[in-house]
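# Structural features, examined
Listed here are the chains, written in short residue letters.
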Amino acid sequence: MQVREGSARSTGLLRPLAAGVIVSLFVGMAGGASAATLSIKGVVLDGLANPRGMTFGADGWLYVTEAGAGGTGPSIIGGAGDTLSYGETGAITRWRAGSRERVAENLPSLAAEGGFGATGVHDVTFYNGSLYTVFGFGGDPNQRDGLVASTSNALLLGQVARVIGGTVSPIADIAALERDGGPDDERNSNPYGLTSGPDGLFVADAGGNDILSVAEDGAVNPVTFIPPTPNPLPFGPPVYQSVPTGIGTAPDGTILVSELTGFPFPEGAARVLSVRPDGHLSTVATGFTNLIDLVVGSTGEIFALETDSDSLLNPGTTGSLFKILTDGTVELLFDGLENPTGLAIGSDGTFYVGVNGLSPTGGQVLALAPSIAPVPLPAGLPLLLAGIGSLGYLGRRRRSGTGETCNP
């Protein structure tokens, strides 16, 4: 993994450098501001199998989903035409202050040979004190029946489930809704993002390109469909799909969604969208590339994570973390994250990012903490300080010449 520190575009905290007149002089000339950045605090989890979404519980534990590495079981044909083989290699892992525990394991997973970029358990959230998770699928839901014939656990794929004491029980079949008549002609369901709202759960289906609500009794209702967008590139289909990924709830109950954008993954085309209860869509911010997750802050600011900042078609594999202020201003917080796939924020303001998120064995969670960058000296300040030093030296020489005592 390679990471590099990014730079913020907002002013940071005042950093006093010295005492007395020098501080006053410096503040007056430089404004006393420094650029706030994030720096890597450490690796808190490693050895993860395709880490995906994550969240903090009220108990202070960080809950992380692992999509697994597929297996050697029966196969389906994925939405991209690739062969995905079944295995029960997924898990939910939690971490707190150096302790690591498995919350659930042996969960269904689909992946191509080698286990990279698996589909499986994709996200977690808490609602009314209970832990919920969502499983992806990534193909025509009719193919799930063939998997279920081999193992009943495959029924979890494409569903929202409740997790109690290590037992994972399905409560809402998202893939079945797409199978029985989705909003477009293509039958493809890949539930990816999960969040809790005032009256239930909300799911972003990256295959069906829609947002759905899930009541506590498991009832599923469509909220909105995100239509395709004309393709601005000279190659590829005439339109590209939205591919909603991350989903969160604003303090006022508004649902916020991030877009990956489908093939040919045009740079700068991904948006953060808001979704009203009546399904009305509006753009909060745009200009991103391949967004994979978002988190909404307590005061309404949005933190959006790119999984690949130069497009999935280009050779780079690093993503970036952004902050979107309530006035729409976008700030870069960190770049150079290797294939990030999940984001959470601790109560102390520490950012936790899943990286190497397409690896079946090398996934990690990094902690990123705010740091203060050194303040550059304004032009001319070194000469001015040297001049002040010279004046002090001359003053000492002058007092020395008159017989006065001069303390250094």
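Notes on the structure in this doc start here. For every chain, the first residue of the written sequence is number 1, and numbering continues from 1 onward in sequence order. This being a predicted model, a pLDDT of at least 70 is required before a residue's local features are given, and a value of 80 or more before pairs of side-chain atoms are given or counted; all residues contribute to the totals for chains, interfaces and linings. Side-chain measures here rest on the full set of heavy atoms in the structure, leaving out hydrogens and waters.

### A short note on the pairing of strand β20 (residues 281-288)
Along any regular strand the residues' side chains alternate between the sheet's two faces. Heads up, the rule is: DSSP calls a pair of strands paired once it identifies at least 2 bridges connecting them. Helix numbering and strand numbering both begin at the N terminus, where a helix is a DSSP run of H or I of at least 4 residues and a strand a DSSP run of E of at least 2.
Pairing of strand β19 (residues 270-275) with β20 involves five bridges; the strand directions are antiparallel. Opposite Val 272, over in β20, you have Ala 285 as the bridge partner. The antiparallel pairing of β19 with β20 creates a hairpin that spans five residues between the two strands, and Gly 279 there sits at a positive phi of about 90°.

### Quick look at the nonpolar core
Short version of the rule: What is meant by a nonpolar core is a set of buried Ala, Val, Leu, Ile, Met, Phe, Trp, Tyr and Cys residues, joined one to another through side-chain atoms within 4.5 Å. Burial status follows relative accessibility: with a 1.4 Å probe on protein chains alone, a residue under 20% of its type maximum counts as buried, one over 50% as exposed, and anything between as partly exposed. A contact between two residues is defined here by any heavy atoms of the two lying within 4.5 Å.
Residues Leu 321, Leu 337, Leu 343 and Phe 351 are the most contacted members of the largest nonpolar core, which totals 19 residues. Those residues in contact with Phe 351 that sit more than four places away from it in its chain are Leu 38, Phe 303, Leu 321, Leu 333, Leu 343, Ala 344, Ile 345, Leu 366, Ala 367 and Leu 368.

### A short note on the packing of aromatic side chains
Spelled out, the test is: Here the aromatic set is Phe, Tyr and Trp, taking the six-membered ring for Trp, and pairing holds for ring centres within 6.5 Å; pairs whose planes are under 30 degrees apart are stacked, those over 60 apart are edge-to-face, and all others are tilted. Only when the NZ of Lys or the CZ of Arg is both within 6 Å of the ring centre and within 35 degrees of the ring normal is a charge said to sit over the ring.
One pass over the structure, following the stated rule, counts six aromatic pairs. Ring centres of Trp 95 and Tyr 352 lie 5.7 Å apart, and the angle between their planes is 50°; on these two criteria the pair is classed as tilted. Here Trp 95, found in strand β5 (residues 83-96), pairs with Tyr 352, found in strand β26 (residues 351-355); they are 257 residues apart in sequence, far enough to count as distant. Overall, the relative accessible area of 12% leaves Trp 95 in the buried class. Residue classification places Tyr 352 among the buried positions, given a relative accessible area of 8%. Judged by centre distance (5.3 Å) and plane angle (70°), the ring pair of Phe 288 and Phe 322 falls under edge-to-face. With Phe 288 in strand β20 and Phe 322 in strand β23 (residues 318-324), this residue pair connects regions lying 34 residues apart in the sequence. You'll find Phe 288 and Phe 322 in the same group, each marked buried. The rings of Phe 56, Trp 95 and Tyr 352 are connected pair by pair, giving a single aromatic cluster. In this arrangement the basic side chain of Arg 94 is found over the ring face of Trp 61, its NZ or CZ atom lying 4.1 Å from the centre.

### Quick notes on empty space enclosed by the protein
Here is the rule we go by: Definitions used for this entry: grid spacing 1 Å over protein atoms alone; cavity, a set of points where a 1.4 Å probe fits but cannot get out; pocket, an open set with protein on both sides within 12 Å along at least 5 of 7 lines; lining residue, one with an atom within 4 Å of a point. Grid points are joined across faces, edges and corners, and a volume is the space filled by probe spheres set on the points. Charged means Asp, Glu, Lys or Arg here, nonpolar means Ala, Val, Leu, Ile, Met, Phe, Trp, Tyr, Cys or Pro, and polar covers whatever is left, Gly included.
For the structure on display, the rule yields one cavity of 30 Å³ or more. Roughly 40 Å³ of volume is contained in the largest cavity. Gly 53, His 122, Asp 123, Tyr 192, Gly 193, Thr 245, Gly 246, Ile 292, Asp 293 and Thr 341 together form the lining of the largest cavity. Where the lining of the largest cavity is concerned, the elements lending two or more residues are β7 (121-127), β11 (191-197), β17 (244-249) and β21 (291-296). Of the residues assigned to the lining of the largest cavity, the class counts are two nonpolar, six polar and two charged.

### A word on unusual backbone geometry
Residue Pro 264 is bonded to the preceding Phe 263 through a cis peptide linkage, with omega at 10°. For Pro 264, the location among the structural elements is in the loop between β18 (255-259) and β19. Phi at Asn 128 takes a positive value of approximately 50°, unusual for a residue other than glycine. Residue position: Asn 128 is located in the loop between β7 and β8 (130-135). With relative accessibility at 56%, the residue Asn 128 sits in the exposed group. Of note in this structure, Phe 265 is not a glycine but carries a positive phi near 50°. As for its position among the elements, Phe 265 is in the loop between β18 and β19.

### Focus on the environment of Glu 301
Note the threshold: Here a polar contact means two N or O atoms within 3.5 Å. Within protein one must be a hydrogen donor candidate and the other an acceptor candidate, and residues neighboring in sequence count only if both atoms are side-chain atoms.
Looking at the secondary structure, you find Glu 301 in the loop between β21 and β22 (302-306). By relative accessible area, which is 16% here, Glu 301 ends up buried. With 26 residues separating them in the primary sequence, Glu 301 and Asp 327 have C-alpha atoms 9.0 Å apart. Setting aside anything within four residues of it in sequence, one finds Glu 301 in contact with Val 295, Val 296, Lys 323, Ile 324 and Thr 326. At 2.4 Å, the side chain of Glu 301 forms a polar contact with the side chain of Thr 299.

### Notes on the layout of surface pockets
The calculated volume of the largest pocket comes to roughly 1100 Å³. Around the largest pocket sit 36 residues that line it, and Ala 80, Asn 190, Val 243, Leu 260 and Phe 265 are the ones nearest its centre. For the lining of the largest pocket, a count of residues per class yields 15 nonpolar, 17 polar and four charged. In terms of lining, the second largest pocket is formed by 23 residues, of which the most central are Thr 55, Phe 56, Thr 125, Thr 195 and Val 295. Counting only elements with at least two residues in the lining of the second largest pocket, the list comes to β2 (51-56), β7, β11, β17, β21 and β25 (342-345). Its residues assigned to classes, the lining of the second largest pocket comprises 13 nonpolar, eight polar and two charged.

### Things to note about the pattern of salt bridges
Note the threshold: Salt bridge criterion: a side-chain nitrogen from Lys or Arg within 4 Å of a carboxyl oxygen from Asp or Glu.
Scanning the model with the defined rule gives nine salt bridges in all. Across the pair Asp 173 and Arg 144 runs a salt bridge whose closest N-O atoms are separated by 2.7 Å. Within this pair, whereas Asp 173 is found in strand β10 (residues 167-173), its partner Arg 144 is found in helix α2 (residues 144-150), the two being separated by 29 residues in sequence. With a relative accessible area of 22%, Asp 173 lands in the partly exposed category. The closest approach of N and O atoms between Asp 180 and Arg 179, which form a salt bridge, is 2.9 Å. According to the relative accessible area criterion, Asp 180 is exposed, its value standing at 59%. One network of salt bridges, in which partners are shared, links Asp 59, Arg 94 and Glu 101.

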